[in-house]
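Each chain is listed here by its residues.
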Amino acid sequence: MTSVADDVAAALTEAARSRRPVPPPARTWPALTLADAYAAQLATVGHRLAAGATVRGRKIGLTSDAMQRLLGIDTPDFGHLLSDMQITDGASVPIDRFIAPRAEIEVAFLMGGPLRGPGVTAAEVRAATTEVRAAIEIIDSRVEDWRIGLLDTVADNASSGAYVVAGSGRTLDAVDLPAIAGEMRINGSVVATGRGAAVLGDPVQAVVWLVEALAQFGEGLRPGEVVLSGACTTALPVSAGDVVEASFDGLGTATVRFA
């Protein structure tokens, strides 16, 4: 007999393979808990690791007040960044790789040292961070019509799709992250703007939250990993032919093209 987490993972894995989304798991399996949802996430990630992918870092989701109010929650969530999700800055990606892609702009942390909770501090996050850079997260959902709640998105690897990190950035001590201004452009037009403070008041605090959350699973962050700290603007849908750029003051520009 399989567990609820196994069943959810199987459904989401097949949805990703076929590009055919499924109904919200929390409705299909009403007994689904947050622990089950994270177990399902780990199972889906495990399938991809078995197929040859490697873990490149983590992403933090649901960091804005607006998104938390929308889902009726008071906590972020996290997902895994895998090697098969990484897109080189400036590269082109087929739109049919995704089901219903949307783009977000985020501050990416490049980790130079390990971090493990519980009890991690903002000062330790700063000391362990080599650089911060602009990034684009392409979120996607294996759930029909983006009809997601917290349990659905957690199980679905926090609605991850792919990510692009700018080729250059700055050290943390050279940046006022809460005040930093971000801008997303699609086909040259500014479509969204925001500031770092939209991410839990300071993206560093989002990384603190992540390390504490990972500690509950006996995990931490490793040198060389990337952390996407959360969107500071709304997520916008993208289509074939679109060129998306994300920039923050001094943190470079990340670019991706959709074919």
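The paragraphs below set out a description of the structure included in this document.

What counts, and where the lines are drawn
Residues numbered from 1 in each chain as written. Predicted model: local features only at pLDDT ≥ 70, side-chain atom pairs only at ≥ 80, totals over all residues. Heavy atoms only, no water. Core = buried A, V, L, I, M, F, W, Y, C linked by side-chain atoms within 4.5 Å. Buried < 20%, exposed > 50% of the residue type's maximum accessible area, 1.4 Å probe, protein only. Helix = DSSP H or I, 4+ residues; strand = E, 2+ residues; numbered from the N terminus. Contact = heavy atoms within 4.5 Å. Expected span 1.5 Å × (residues − 1). Arc of directions from axis to C-beta.

**Section: the nonpolar core**
Inside soluble globular proteins, nonpolar side chains tend to come together where they are buried.
Step number 1: Within the largest apolar cluster, 67 residues are counted, with the highest numbers of intra-cluster contacts made by Phe109, Ile136, Leu221, Val244 and Phe258.
Step number 2: Here this core takes eight residues from helix H7 (residues 203–215), the largest share from any one element.
Step number 3: Residues in contact with Ile136, not counting those within four places in the same chain, are Ala103, Glu104, Ala162, Tyr163, Val164, Val244, Glu245, Ala246, Ala254, Thr255 and Val256.
Step number 4: Among the nonpolar cores identified, the runner-up in size contains 12 residues, and Met85, Leu110, Ala135 and Tyr163 belong to it.

**Comments concerning helix H1 (residues 4–18)**
Step number 1: When the terminal C-alpha atoms of H1 are compared, their 21 Å separation across 15 residues agrees well with the 21 Å that a helix rising 1.5 Å per residue should span.
Step number 2: Among all positions in H1, only Ala5, Val8, Ala9, Ala11, Leu12 and Ala15 are buried. Buried residues of H1, viewed axially, fall in a sector of 165°; they line one side.
Step number 3: Looking at the packing, one finds that the buried side of H1 touches helix H2 (25–28), helix H3 (34–50) and helix H6 (150–155).
Step number 4: The first or second residue beyond H1 is Arg19, which carries a positive phi of 60°.

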